[in-house]
Amino acid sequence: MATSTFYKFTSSDASGPGLLAGTAGDLLRVLDACLVTGYSGKAPGWTKPTANSGNIGCYKQNGGAGFNLVINDNGPNATSTYKEAWMTGWQTLTDLTAPVGTGTGQFPTAAQCLTTGHVVCRKSTAASAVGRAWIMFADATTFYLFIATGDTAGVYYGVMFGDFYSLYGAGDAYRCMISGRFIENSATGALGGSTANYENMDVMWDTYVTGSSTPSVGTTGTRFSAVVASPSGTG
């Protein structure tokens with residue numbers, strides 16, 4: 001499988017976008033700077049297939065599965081407002097109609113997660129201009145973003161979107177996943193325990209049967225949704 005360069009971006013980079021605030025559209029500002037525009041010689045090369053619709057934006061992988069990510073950073077949850085943003089993956093994207101865009105091959109689907117089909121990115125403990133530290137690792141097809149939201153000192157909340165390693169190789173056209181929170185308006189990093197962050201992981205992939213030369217699910221891909229637990233990140 002082809003490799004690409006992973007870049008490290010942080011809120012303390014001299015030429016970067018700075019801290020992330022709990023305000024409308026600020027997550028889009030950070031993602032634009034890191035994934036699309038790039039700076040200081042770091043340019044993963046993601047694109048925006050369509051212009052932002054207010055505070056809803058989208059990002060397309062620069063290669064790999066070539067899927068799309070929609071971010072609703074317009075306070076989509078009426079209670080948490082700008083503390084959180086929604087993330088939804090699409091195989092093909094038609095437009096940025098609220099709340100999660102429209103297209104084909106949505107992941108997660110509405111039936112899988114949070115009514116409209118999205119995972120949650122926790123930005124800040126407050127819907128305010130107070131800046132929060134963050135760190136991102138990104139290449140042409142995948143990014144991992146960790147945010148010190150201020151909910152718990154030293155704890156970073158993580159989200160990710162992009163390709164994963166497939167044993168089938170580059171011929172696996174659906175090797176893309178999205179990961180984020182499956183609860184909203186919560187300051188705690190755990191459900192059922194104080195030492196684990198529980199997140200929703202939704203994967204679209206092409207499933208191949210051992211010994212078979214043809215996909216078991218045709219060409220549409222299989223969506224798999226699961227709740228996974230991981231240790232809380234500390235800084």
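Residues numbered from 1 in each chain as written. Predicted model: local features only at pLDDT ≥ 70, side-chain atom pairs only at ≥ 80, totals over all residues. Heavy atoms only, no water.

Draft legend 1. Summary view of the side chain of Gln-61. Within the secondary structure layout, Gln-61 lies in the loop between β3 (56–60) and β4 (68–72). Here the side chain of Gln-61 touches Phe-67 through a polar contact of 2.7 Å, landing on its backbone nitrogen. Here Asp-163 takes part through its side chain, which lies 2.7 Å from a polar atom of the side chain of Gln-61. In contact with Gln-61, not counting residues within four places along its chain, are Trp-46, Gly-66, Phe-67, Ala-140, Thr-141, Phe-161, Gly-162, Asp-163 and Cys-176. (Helix = DSSP H or I, 4+ residues; strand = E, 2+ residues; numbered from the N terminus. Polar contact = N/O pair within 3.5 Å; in protein donor to acceptor, adjacent residues only side chain to side chain. Contact = heavy atoms within 4.5 Å.)

Draft legend 2. The pairing of strand β11 (residues 155–163), seen in detail. Of all nine residues in β11, eight are buried; the element is thus mostly enclosed. Strand direction decides the pairing type here: strand β10 (residues 142–147) and β11, joined by six bridges, are antiparallel. Paired with Thr-142 across the two strands is Gly-162, which belongs to β11. Alignment of β11 against strand β12 (residues 176–181), held across four bridges, turns out to be antiparallel. Of the residues in β12, the one forming a bridge with Met-160 is Ser-179. (Buried < 20%, exposed > 50% of the residue type's maximum accessible area, 1.4 Å probe, protein only. Pairing = 2+ DSSP bridges.)

Draft legend 3. Representation of the packing of aromatic side chains within the structure. Taken as a whole, this structure holds eight aromatic pairs when the rule is applied. For the pair Phe-9 and Tyr-39, a centre-to-centre distance of 5.4 Å together with 65° between the ring planes defines the contact as edge-to-face. Of the two residues, Phe-9 sits in strand β1 (residues 7–10) while Tyr-39 sits in the loop between α1 (26–37) and β3, which places them 30 residues apart along the sequence. With respect to class, Phe-9 is no different from Tyr-39; both count as buried. (Phe/Tyr/Trp six-rings, centres within 6.5 Å; stacked < 30°, edge-to-face > 60°.)

Draft legend 4. Representation of the nonpolar core within the structure. Ile-71, Trp-134, Met-136, Phe-143 and Phe-161 are the most contacted members of the largest nonpolar core, which has 32 residues in total. Those elements giving two or more residues to this core turn out to be α1, β4, β5 (84–95), β7 (119–122), β9 (134–138), β10, β11 and β12. The biggest single contributor to this core is α1, with six residues. (Core = buried A, V, L, I, M, F, W, Y, C linked by side-chain atoms within 4.5 Å.)

Draft legend 5. Layout of the pairing of β7. Side chains of β7 alternate between two faces, with Val-119 and Cys-121 and Val-120 and Arg-122 buried alike. Where β5 lies against β7, four bridges are found, and the strand directions are antiparallel. Considered in β7, the bridge of Ala-85 is made with Cys-121.

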